[in-house]
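# Descriptive analysis of the structure
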Amino acid sequence: MWSKVFKAQNYGIPTYKHQTLPVYQTQEFSFYRCVQFNEGLYYKTASELHNGNLRICSGRYSKLFPNQRLSYWADSPETARAEVKKHGATNNLLTFWAYDDTSSFIPTVLDRELLIIVDGRKAGIQPIIDKVDNGHQVTDEEKNTINEILSLEPDCLVFDSHAFKGGENFIFFEKGFRKLSLREIQLRLGDRKSPHSKSIYCAGTSDYVPYLESYGEYFAPILKVQRNGEYFQSEEYKLRKSVYKQMISKIK
């Protein structure tokens, strides 16, 4: 189908649907995530900040996804802010803007398979997530529903946000998270008398052209962007650079 199935997706992108299940394979997304900023996040590179978004599941979703490493994203900055505010965050926020790397003109990750997305609203997962959000226990049958979906090895689940009307949330599993690349990280100190913001840009243009060196940049007090040269010795940088060069050679 050639249509916009999800709000985080661009228009006119080919989307392939499972014959009977609400499982889709597609690309061209923008995802957003907000986290409360604290001074302990100064000097952490963009790479470290991004990878810190993937964590062992704990809290309200731990019974649904035991021992899974998850990352939570939204379809827009507004939805992402509403979600973090729902849990008591201040106005000092880091906002991550990511995209599925396969959509880039020059991909930089090895796994270039299209995103595999389960629509939780059509798969019976939305009411289960709503129960967990409201502090209720899930039944064994509901856990089985989750396990059946996980057996399909999706990259992420999508469900409606209750924090922002019309918004969509995405739960990414580790497999899917590894397909994401950064476009921008914005730091906004909104609790200051004179709010200011600063950004680290990791990709640009409508084709998501990557700026690999920017993954080594970090925020320093107050609202300065500097670069840690040690990042260029990391395995992540070397791998992204290798894939980047391979793709450039194919273009030439």
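Residues numbered from 1 in each chain as written. Predicted model: local features only at pLDDT ≥ 70, side-chain atom pairs only at ≥ 80, totals over all residues. Heavy atoms only, no water.

## A few points about the confidence of the model for the protein chain
For the protein chain, mean pLDDT is 92; residues scoring 70 or higher make up 98% of the total. By mean pLDDT, helix 4 (residues 140-150) is the weakest element of the protein chain at 86, and helix 1 (residues 46-51) is the strongest at 98. (pLDDT = per-residue confidence, 0-100. Helix = DSSP H or I, 4+ residues; strand = E, 2+ residues; numbered from the N terminus.)

## Overview of the side chain of Ser199
If you trace the backbone, Ser199 turns up in strand 11 (residues 196-201). For Ser199, a relative accessible area of 14% corresponds to the buried category. Within the local environment of Ser199, its side chain forms a polar contact with the side chain of Glu184, the two groups lying 2.7 Å apart. Once you skip the residues sitting within four places of it in the chain, Ser199 turns out to touch Glu184, Ile185, Gln186, Phe219 and Val225. (Buried < 20%, exposed > 50% of the residue type's maximum accessible area, 1.4 Å probe, protein only. Polar contact = N/O pair within 3.5 Å; in protein donor to acceptor, adjacent residues only side chain to side chain. Contact = heavy atoms within 4.5 Å.)

## Quick look at the environment of Tyr208
Relative to the helices and strands, Tyr208 resides in the loop between strand 12 (203-204) and strand 13 (209-210). Taking the relative accessible area as the measure of exposure, Tyr208 reaches 3% and is therefore buried. The spatial distance from the C-alpha of Tyr208 to the C-alpha of Glu39 is 30 Å, given a sequence separation of 169 residues. Leaving out residues up to four positions away in the same chain, Tyr208 has contacts with Asn10, Glu28, Phe29, Ser30, Tyr99, Ser103, Ser104, Arg183 and Ala203.

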